[in-house]
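Descriptive analysis of the structure
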Amino acid sequence: MVPLGEVVHLWARGLIDGEPCGCGVPLPECEFWAEVGRLAFGGWAPELAERMIELRRRVDRTRRIPPRLTIELVEYVSVYHRLYSAAGEVADSPVVVDSSKHASLAFCLAAAGVPVHVVHLVRDPRAVAHSWQRRITRPEDGTPMPRWSPARTAAHWTTQNLALELLAGKGVPVTRVRYEDLLDSPRTAFARLLTRLDLAPRLDFLTDRQVHLTTAHTASGNPIRFISGAVELVRDDAWRQALPCGQRLLVTALTLPLMLQYGYRARAAA
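Residues numbered from 1 in each chain as written. Predicted model: local features only at pLDDT ≥ 70, side-chain atom pairs only at ≥ 80, totals over all residues. Heavy atoms only, no water.

A few points about the overall build of the protein
Going by this rule: In this text, helices come from DSSP runs of H or I with a minimum length of four residues, and strands from runs of E with a minimum of two, each type numbered from the N-terminal end. Whether two residues are in contact is decided by their heavy atoms, any of which lying within 4.5 Å being enough. Residue burial considers only the protein chains on display, and all accessible areas are found by Shrake-Rupley using a 1.4 Å probe. As used throughout, the charge tally considers Lys and Arg to be positive and Asp and Glu to be negative, leaving His and the chain termini uncounted. Lys charges are placed at NZ, Arg charges at CZ, Asp charges at CG and Glu charges at CD.
Helix and strand content of the protein: 11 helices and six strands. Considering only residue pairs separated by 6 or more positions, the protein has 69% of its internal contacts joining residues 24 or more positions apart. Surface summary for the protein: the accessible area is close to 14600 Å², and the carbon and sulfur share equals 54%. Separation between the mean location of the 33 positive side-chain charges and that of the 28 negative ones in the protein comes to 9 Å.

Examining the packing of helix H3 (residues 46–59) against helix H4 (residues 71–91)
Relative placement of two packed helices is described by the angle separating their axes and the distance separating the axes. To be explicit about the condition: Note on geometry: axes are C-alpha line fits, over the in-contact stretch for helices, and angles between N-to-C directions span 0 to 180 degrees. Every angle not falling under 35 degrees, over 145, or within 65 to 115 is termed oblique; those three ranges are roughly parallel, roughly antiparallel and roughly perpendicular. By definition, turning the near helix anticlockwise from the far helix through less than a right angle yields a left-handed crossing, and turning it clockwise yields a right-handed one. Gly counts as polar in this scheme, as do all residues outside two lists: the nonpolar Ala, Val, Leu, Ile, Met, Phe, Trp, Tyr, Cys and Pro, and the charged Asp, Glu, Lys and Arg.
Contact geometry for H3 and H4: axes closest at 10 Å, N-to-C directions at 130°. Classified by the angle their axes make, H3 and H4 are oblique. Seen from above, H3 lies across H4 with left-handed handedness. Where H3 approaches H4, its residues Leu48, Arg51, Met52, Leu55, Arg56, Arg58 and Val59 are matched on the opposing element by Glu72, Leu73, Glu75, Tyr76, Val79 and Tyr80. Residues that form the contact of H3 with H4 fall into these classes: eight nonpolar, no polar and five charged.

Observations concerning the pattern of salt bridges
Going by this rule: Here, a salt bridge means any Lys or Arg side-chain nitrogen found within 4 Å of an Asp or Glu carboxyl oxygen. Accessibility here uses a 1.4 Å probe with only protein chains present; expressed as a share of the type maximum, an area under 20% marks a residue as buried, one over 50% as exposed, and anything in between as partly exposed.
Following the criterion strictly, the structure yields 13 salt bridges and no others. Arginine 178 is paired through a salt bridge with aspartate 181; the nearest N and O atoms lie 3.1 Å apart. Classification of aspartate 181 as partly exposed rests on a relative accessible area of 36%. A salt bridge links arginine 202 to aspartate 204; the nearest nitrogen and oxygen atoms lie 3.3 Å apart. Each of the two residues, arginine 202 as well as aspartate 204, counts as exposed. Overlapping salt bridges bring together Glu54, Arg57, Arg58 and Glu72 as one network.

Some thoughts on helix H5 (residues 103–111)
Of all nine residues in H5, seven are buried; the element is thus mostly enclosed. Ala103, Ser104, Leu105, Ala106, Phe107, Cys108 and Leu109 are the residues of H5 that are buried. One or two residues past the end of H5 sits glycine 113, with phi positive at roughly 90°.

Here we look at the packing of H4 against H5
One way to put it is that H4 packs onto H5 with a least axis distance of 9 Å and a crossing angle of 95°. When the interaxial angle is binned, H4 and H5 end up roughly perpendicular. Contact residues: H4 offers Leu73, Tyr76, Val77, Tyr80 and Tyr84, while H5 offers Leu105, Cys108, Leu109 and Ala111.

Considering the packing of aromatic side chains
Short version of the rule: Two rings from Phe, Tyr or Trp (for Trp, the six-membered ring) form a pair when their centres sit within 6.5 Å of each other. Planes less than 30 degrees apart are called stacked, planes more than 60 degrees apart edge-to-face, and all others tilted. Charges are assigned to positions over rings by a cutoff of 6 Å between ring centre and Lys NZ or Arg CZ, combined with an angular limit of 35 degrees from the ring normal.
Inspection of the entire model under this criterion finds nine aromatic pairs. Centre to centre, the rings of tryptophan 11 and tryptophan 44 are 6.2 Å apart; their planes meet at 70°, and the pair counts as edge-to-face. Taken together, the positions of tryptophan 11 in helix H1 (residues 10–16) and tryptophan 44 in the loop between helix H2 (31–41) and H3 put the pair 33 residues apart, joining distant regions of the chain. Judged by its relative accessible area of 2%, tryptophan 11 falls in the buried class. Ring plane angle 85° and centroid distance 5.9 Å describe the contact between tryptophan 11 and tyrosine 80, whose orientation is recorded as edge-to-face. Of this pair, tryptophan 11 sits in helix H1 while tyrosine 80 sits in helix H4, and the two are 69 residues apart along the sequence. When its relative accessible area of 0% is taken as the criterion, tyrosine 80 is described as buried. Across from the ring centre of tyrosine 179, 4.2 Å away, lies the NZ or CZ of arginine 123, which sits over that ring.

None of this, on its own, says anything about what the molecule does.
Here it is, written out as C-alpha cells:
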C-alpha cells in the first residue's frame with residue numbers, strides 16, 4: 001500500500017502554497033509527486049490546482065451528500081482517478097490510501113464509479129472534543145492548528161459518521177475500526193482490517209506496543225507524518241480527567257445515538 005496523505009489538501013496546500021511532503025521536501029520539489037504529476041497530467045500546472053479547488057467548492061461538500069452525477073463531478077473525480085493510478089504505478093503498489101477524512105469525497109468517488117473501500121476510524125466523541133481544543137502548532141509553517149468548540153466537534157462527528165453510515169447503506173464497502181480497539185490490540189485490529197480488505201496481513205512493522213514508521217510521501221495530514229522510526233503506541237485517554245463535566249455532558253447529549261451504536265458508554269468513568 002502507498003499512503004498519500006490528505007489528498008483533498010494537495011491542490012491548495014501542496015501545489016499552490018508549497019507546503020512540505022511527508023519526506024520533508026516542499027511538495028512541488030518532491031521527486032515522487034513530480035513523477036506522479038508527470039504520469040497523470042504531463043506535469044503539475046497551477047491551472048489544474050485552481051480548477052480542482054473550484055470544483056471542490058461546487059461538488060465535494062457535505063451539504064451535497066449524496067451528490068448528483070454531473071459533468072463537473074465526473075471531471076473532478078477523473079482527476080483523482082488519474083492521480084491515484086499514477087501514484088500506484090510510481091510506488092509499484094496496487095492499493096493507494098487517501099486519508100482525506102471527508103465523507104463527501106468518498107461519495108463523489110463512488111458516485112463516479114471509482115472502486116473505493118472506506119476505512120472508517122471512529123473514536124469516542126468526548127475524546128475527539130478534547131483533542132480539538134488542544135493547542136498544536138503546524139510544523140509546516142508554525143501557525144496554530146484550528147481549535148473547535150465541543151458543540152462544533154459534536155456536530156461534525158455526528159454528520160461525518162452519519163454520512164458514512166449512509167454510504168455503507170448504498171453498498172459501498174465501509175469497514176469500521178474503533179480507535180480504542182486499535183490501540184488496545186494493534187496487531188489484532190490490523191490483521192482483521194487487512195483480511196477485510198482482502199490483503200495479506202504482513203505485520204512485521206508492528207507490535208502491540210510499537211510501530212515502525214518509514215518515510216512516506218504524504219500530501220498533508222497529522223504532524224506525525226514527518227516522524228520516522230520507532231513510535232510507542234499509547235492510548236490517549238486524557239479527556240477522562242481533562243474534559244470539563246459540562247462539556248462532557250454536552251457532547252454526550254449531542255452524539256448519544258451514534259455513540260451508543262459504536263459501543264461507547266454514556267457514563268464514562270473518569
